[in-house]
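# Structure assessment
Below, each chain spelled out in residue letters.
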Amino acid sequence: MDIHEYQAKELLSKFGIAAPPGALAYSPEQAAYHAREMGGDTWVVKAQIHAGGRGKAGGVKVCRSENEIQDACEDMFGRKLVTHQTGPEGKGIYRVYVEGGVQIEREFYLGFVLDRSSQRVMIVASGEGGMEIEEISAQKPDSIVRATVEPAVGLQQFQAREIAFALGLDPALTAQMVRTLMGCYRAFTELDATMVEINPLVVTADHRILALDAKMTFDDNAMFRHPQVSELRDKSQEDPRESRAADRGLSYVGLEGNIGCIVNGAGLAMATMDTIKLAGGDPANFLDIGGGATPERVTKAFRLVMSDSNVQAVLVNIFAGINRCDWVAEGVVAALKEVQIDVPVIVRLAGTNVEEGQKILAKSGLPIIRASTLMEAAERAVGAWQNDLTQDTHVRAVK
């Protein structure tokens, strides 16, 4: 789960990370009012979307008067901001963050991520803040400082000092940098985050270390422990299909292909997508219906997959251990009767009660293409998508 910049800064402030004064606005007039309240002669208006690269796309503007603030907001509100992270469809701007301007002496990049290879939290820092980490890595790889944290003891102050020294920070600012690093680590671990990124982290002319931007991503599976974080979710920034899936307890990721997938188990879902690619097709989604594949759950999955207008065939691949194939078959039949499905449906069942499940499919009288192996199912799905299956094939499959 992602959150907005202003939300990340609010959370991080509770862990001792300082940021310039700022306020959220939902209209140009409200933005100008907040700037007037903050005082000063320079403000920064930032579009609040779940994506990086806002500045290059016109989503961050420096303003020196209330009129400039209103003009900047007029240009942003209701617009789709397209960055290299949003894709061509962009993300809608429905709120902006107005922040007081600061005089910057130096910029840093600071990120905390979970390194799966070492199974540790990794700290990535650089003295080249303001750039995307990919650009820093490509253009100035020597500027990157990396450190892993031993989970048994957590981040130690000596490690934080070593990072500050490696960045060439003024020794007088070391204590502030140590507090910032320790606070970010505490926020990462205590809130079950998967990423904390401050870019840029700046040293101001009056020798303060401030977070000018902040991003946080959280482990969806841990949000039941953090209702104060879970309530920060902004569905307007999410793929509507993924939002609907999450609300129904399904794991869904939309892709760009044409073959919809309904599978139980994340590993099997990945294998199914790989096999579709191997057979010459492109999956339209990742969808894991989980262990409790009841008829109702399968019907919900079909509705979700068919909400994607790109889907031209649906492959159902179920290996029943905890599940039962007859339940899944009932769900498939119910879905085909309830949901308007005018594309080929390929079903591969294996495991518990597979014979009963096959009988249910066969007796349904519906044009379901059945397969006994994953490869066969993928090939039939690709063939159906390419209109290579004849009517005889359909008839043989349902007999």
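Residues numbered from 1 in each chain as written. Predicted model: local features only at pLDDT ≥ 70, side-chain atom pairs only at ≥ 80, totals over all residues. Heavy atoms only, no water.

## Here we look at the environment of Ile346
Relative to the assigned elements, Ile346 resides in strand β17 (residues 345-351). Looking at Ile346, the relative accessible area reads 0%, which means it is buried. The spacing of Ile346 and Ala164 is 182 residues in sequence and 57 Å in space, taken between C-alpha atoms. (Helix = DSSP H or I, 4+ residues; strand = E, 2+ residues; numbered from the N terminus. Buried < 20%, exposed > 50% of the residue type's maximum accessible area, 1.4 Å probe, protein only.)

## Looking at the side chain of Arg54
Mapped onto the elements of the fold, Arg54 is located in the loop between β2 (43-47) and β3 (60-63). In this structure the side chain of Arg54 is engaged in a polar contact, spanning 3.1 Å, whose partner is the side chain of Glu5. Contact partners of Arg54, with chain neighbours within four places excluded, come to Glu5, Lys46, Ala47, Gln48, Ile49, Gly59, Val60, Leu81, Thr83 and Asp213. (Polar contact = N/O pair within 3.5 Å; in protein donor to acceptor, adjacent residues only side chain to side chain. Contact = heavy atoms within 4.5 Å.)

## Considerations on the pattern of salt bridges
Under the defined criterion, the tally for this structure stands at 22 salt bridges. Across the salt bridge formed by Lys9 and Glu99, the nearest N and O atoms sit 2.4 Å from each other. Taken together, the positions of Lys9 in helix α1 (residues 5-13) and Glu99 in strand β6 (residues 96-100) put the pair 90 residues apart, joining distant regions of the chain. The two residues Lys9 and Glu99 agree in class, both being buried. The closest approach of N and O atoms between Lys277 and Asp282, which form a salt bridge, is 2.7 Å. Each of the salt bridges in this network shares a partner with another, and the network as a whole consists of Glu5, Lys9, Lys46, Arg54, Glu99, Glu197, Asp213 and Lys215. (Salt bridge = Lys/Arg side-chain N within 4 Å of Asp/Glu carboxyl O.)

## Overview of the nonpolar core
Ranked by size, the top nonpolar core spans 44 residues in total, and within it Leu110, Phe112, Leu181, Met216 and Phe218 carry the most contacts. Not counting residues up to four positions away in its chain, the partners in contact with Leu110 are Ile123, Val124, Ala125, Thr180, Leu181, Cys184, Val196, Glu197, Ile198 and Leu201. With 35 residues, the next largest nonpolar core counts Tyr252, Ala284, Val311 and Ala335 among its residues. (Core = buried A, V, L, I, M, F, W, Y, C linked by side-chain atoms within 4.5 Å.)

## Observations concerning the confidence of the model for the chain
Confidence in the prediction of the chain, expressed as mean pLDDT, is 88, and 95% of residues score 70 or more. With pLDDT under 50 throughout, residues 388-399 is counted as low confidence; its partners more than four residues away or in other chains account for 17 contacts. (pLDDT = per-residue confidence, 0-100.)

## A closer look at the pairing of β2
Among the five residues in β2, five count as buried, and that is most of the element. Where burial is concerned, the two faces of β2 agree: the one with Trp43, Val45 and Ala47 and the one with Val44 and Lys46 are both buried. One ladder, built from four bridges, connects β2 with β3; its direction is antiparallel. Within β3, the position partnered with Lys46 by the bridge is Val60. (Pairing = 2+ DSSP bridges.)

## Focus: a negative patch on the surface
A surface patch of like charges, here negative, comprises Glu29, Glu68, Asp71 and Glu74. Sort the elements by how many residues they give to the negative patch and helix α3 (residues 66-76) lands first, with three residues. When you line up the elements, Glu74 lands in helix α3. (Patch = residues over 30% accessible without salt bridge, like charges linked within 9 Å, V, L, I, M, F, W, Y side chains within 5 Å. Areas by Shrake-Rupley, 256 points an atom, 1.4 Å probe, with all protein chains shown as cover. Lys, Arg positive; Asp, Glu negative; His and termini not counted. Charge placed at Lys NZ, Arg CZ, Asp CG, Glu CD.)

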